[in-house]
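Residues per chain are reported as follows:
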Amino acid sequence: RKVSLSIAGQVNKAILFWDDGSESNAYVVGNKNDQTNVSFTGDAKFAPGWSAGYDITLRVRDALSDDVNQDDDDGSGDPFQLWQSHFWIESENLGKVSVGRASRVSDTAPENDLSEAGVAGYAGVQDVGGGFAFRRADGVLLGLGWGDVYNHFNGDTANIIRYDTPELAGFVASASWGEDDIWDVGLKYEGEGAGFKLGASIAYTEVSDTDGEFADVAQSTVVGSVAILHEASGLNALISAGSREFDESVVDADGAVRTPEDARFIYGKIGWIAKLTALGPTAFYGEYGRFKDFVSVQGDAALPVDLSVGGAATRIAGNTAEVWGAGVVQHIEAAEMQIYLGYRNHSVDFDLVDGGGAAVAGQGVENFHTVILGSKIAF
């Protein structure tokens with residue numbers, strides 16, 4: 001065999017405890033934060049300074065933590081997701097070109113994290129509990145859920161052509177284009193010095209393919225993150241933020257044509273990586289996120305009516321969702337294993353208006369609580 005083959009992956013399963021203010025339960029789920037997967041990769045050198053390779057990665061959709069809800073503990077969709085399927089050619093001096101289903105440049109741009117605790121909680125807040133519907137204060141379930149008001153604008157994978165420059169002083173610049181029509185550009189940095197590690201990314205994305213899997217409305221997005229770790233003490237912090245602008249209008253719930261408000265978020269996390277046992281590091285963290293105007297134009301006319309007092313609202317003009325949480329991850333290095341526990345408190349407020357644009361009082365949505373307890377083991 002001239003081209004190498006490596007098989008790697010992980011199994012990540014958890015118990016998700018949840019309480020929506022009226023009902024509580026516990027499900028066995030696949031943790032979407034870093035889900036179960038298997039990958040087949042390889043490469044070969046074919047000239048001095050030149051190599052080529054491939055990556056095929058399958059993710060397992062096993063009752064994922066962002067897919068289950070009050071009425072469904074199994075999730076939906078296909079049992080497997082083709083995450084990567086591409087080849088690449090790389091020159092030490094000219095950079096790397098990838099073709100196929102591969103990570104867009106904006107993939108992981110909001111996810112720099114040096115806390116060693118991302119498996120329990122990270123910027124992708126929607127990945128744990130995002131499938132659950134809102135519970136109104138009087139106990140009624142609504143046709144809108146927590147995944148509708150959270151999004152950290154991660155680019156994920158797509159059928160693209162991607163180019164990455166060679167690393168220069170820790171920096172790598174990248175561009176990708178594909179589907180019909182999505183393009184990204186970005187810059188990533190990784191470095192260390194004076195006892196610190198630093199990771200940072202920024203990416204810009206435009207999506208005009210509104211018939212595909214990535215967007216219903218043409219949009220442009222800026223997203224990025226910065227993470228820092230003090231190696232001696234284990235203290236670490238990160239901040240992730242993004243803004244999405246919508247480039248076309250749609251029909252609102254009241255029948256008028258409107259352009260959605262700019263959606264934006266900010267997420268922060270502080271942590272401490274302690275050496276408390278010979279098993280491996282113990283990572284503690286606390287987190288907070290604020291997500292603004294992820295629902296400002298919607299097609300379901302029943303939603304504003306169901307949310308308002310006396311059914312007086314005709315549309316949702318905006319919303320603010322907040323989340324805070326804390327947790328711990330114990331690494332067991334000899335088994336390439338992580339055991340984790342994470343808690344989150346979710347809350348949301350909606351800006352409701354009547355036909356004349358005047359503010360309307362809302363009935364309120366119950367806070368949502370989640371606890372995730374599980375383990376990831378890699379191979």
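Report follows, based on the coordinates.

The rules we used
Residues numbered from 1 in each chain as written. Predicted model: local features only at pLDDT ≥ 70, side-chain atom pairs only at ≥ 80, totals over all residues. Heavy atoms only, no water. Helix = DSSP H or I, 4+ residues; strand = E, 2+ residues; numbered from the N terminus. Rg over C-alpha atoms; globule rule 2.2 N^0.38 Å. Contact = heavy atoms within 4.5 Å. Areas by Shrake-Rupley, 256 points an atom, 1.4 Å probe, with all protein chains shown as cover. Lys, Arg positive; Asp, Glu negative; His and termini not counted. Charge placed at Lys NZ, Arg CZ, Asp CG, Glu CD. Phe/Tyr/Trp six-rings, centres within 6.5 Å; stacked < 30°, edge-to-face > 60°. Buried < 20%, exposed > 50% of the residue type's maximum accessible area, 1.4 Å probe, protein only. Lys NZ or Arg CZ within 6 Å of the ring centre and 35° of its normal. Salt bridge = Lys/Arg side-chain N within 4 Å of Asp/Glu carboxyl O.

Time to look at the overall build of the chain. If you tally the helices and strands in the chain, you get one helix and 22 strands. For 379 residues, the compact-globule estimate of 2.2 N^0.38 gives 21 Å, and the chain sits close to it at 22 Å. For the chain, the spread of C-alpha atoms along the three principal axes comes to 70 × 50 × 40 Å. Sequence-distant contacts in the chain: of pairs separated by 6 or more residues, those separated by 24 or more amount to 66%. When the accessible surface of the chain is split by element, carbon and sulfur atoms take 55% of a total near 17,200 Å². For the chain, the distance from the average site of its 25 positive side-chain charges to the average site of its 56 negative ones is 6 Å.

The next point concerns the packing of aromatic side chains. Counted under the stated rule, the structure contains 18 aromatic pairs. With 5.6 Å between their ring centres and 10 degrees between their planes, F265 and F291 make a pair best called stacked. You can see F265 sitting in strand β17 (residues 263-274) and its partner F291 sitting in strand β18 (residues 282-292), a full 26 residues away along the chain. Comparing F265 with F291 shows no difference in burial state: the two are buried. With centroids separated by 5.6 Å and ring planes inclined at 65 degrees, the aromatic side chains of W324 and Y343 adopt a geometry described as edge-to-face. One end of the pair, W324, is in strand β19 (residues 315-332); the other, Y343, is in strand β20 (residues 337-353), with 19 residues separating them in the sequence. The class for Y343 is partly exposed, based on a relative accessible area of 27%. Here the basic side chain of R59 rests over the ring of W83, its NZ or CZ set 3.6 Å away from the ring centre. Its end group placed over the ring of Y285, K269 keeps NZ or CZ at 4.9 Å from the ring centre.

In the structure, Y343 is positioned 29 residues away from I372 in sequence and 6.6 Å away in space, judged by C-alpha atoms. Not counting the four nearest positions on each side in its chain, Y343 is found in contact with E287, W324, G325, A326, H369, T370 and V371.

What the rule picks out here adds up to 18 salt bridges. We note a salt bridge from R136 to D138, for which the minimum N-O separation is 2.8 Å. Among the salt bridges present, the one from R344 reaches E287, with a minimum N-O distance of 2.7 Å. Residue R344 is found in strand β20, and its partner E287 is found in strand β18; the two are separated by 57 residues along the sequence. In this structure E287 comes out as buried when scored by relative accessible area, which is 6%. Each of D252, D254, R258 and R315 takes part in one network of salt bridges that share partners.

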